[in-house]
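Spelled out from the first residue to the last, the chains are:
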Amino acid sequence: MTDNVNSPSHYTHGNIECIDIIAEMVRDKSGMESACIANITKYLYRYKGKGGIESVKKAQWYLNRLIQELEGNEPSDHKDPNHYDLGGNDGKEQITSSSSRS
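Once that is clear, we can look at the overall build of the protein. Within the protein, the secondary structure is distributed over three helices and two strands. Listed by position from the N terminus, the elements making up the protein come as β-β-α-α-α. For the protein, with 102 residues in total, the buried portion stands at 33%. Contacts in the protein between residues far apart in sequence, at least 24 positions, make up 43% of those at least 6 positions apart. Summing over all exposed atoms, the protein offers an accessible surface of approximately 6,700 Å²; the carbon and sulfur share of this is 50%.

Structure (structure tokens):
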């Protein structure tokens, strides 16, 4: 039986859980850098089992945010999902609210 709270299948490949990879990747990071790296990893890790292309686009959103963070450029409106051009949505589809990036 799958335990969707403690060990969801889309976050586990073989014996490796996404949370363990994230912990290793953010070990020497902090703040927004750590959050972005964790989310990039999470969305790319799970995209085949949950979310498909939407998960990849969410990873791209966090990658773009990480680049701005590392360059020292605070986004003018980081809450606007269209601030980062994810391409392919032609304004018809928007990634909105933090709940859609979970």
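Now, onward.
Per the counting criterion, the structure on display carries two aromatic pairs. Arranged with centres 6.1 Å apart and planes meeting at 20°, the rings of tyrosine 43 and tyrosine 62 form a pair that is stacked. Of this pair, tyrosine 43 sits in helix α2 (residues 31-46) while tyrosine 62 sits in helix α3 (residues 53-71), and the two are 19 residues apart along the sequence. For the pair shown, tyrosine 43 and tyrosine 62 are each scored as buried. With a centroid separation of 4.9 Å and an interplanar angle of 75°, the aromatic rings of tryptophan 61 and tyrosine 62 are classed as edge-to-face. Given a relative accessible area of 12%, tyrosine 62 falls into the buried group. An aromatic cluster is built from Tyr43, Trp61 and Tyr62, whose rings are joined through pairwise contacts.

Thresholds applied
Residues numbered from 1 in each chain as written. Predicted model: local features only at pLDDT ≥ 70, side-chain atom pairs only at ≥ 80, totals over all residues. Heavy atoms only, no water. Helix = DSSP H or I, 4+ residues; strand = E, 2+ residues; numbered from the N terminus. Buried < 20%, exposed > 50% of the residue type's maximum accessible area, 1.4 Å probe, protein only. Contact = heavy atoms within 4.5 Å. Areas by Shrake-Rupley, 256 points an atom, 1.4 Å probe, with all protein chains shown as cover. Phe/Tyr/Trp six-rings, centres within 6.5 Å; stacked < 30°, edge-to-face > 60°.

Without other data, these values stay purely geometric and don't point to any function.
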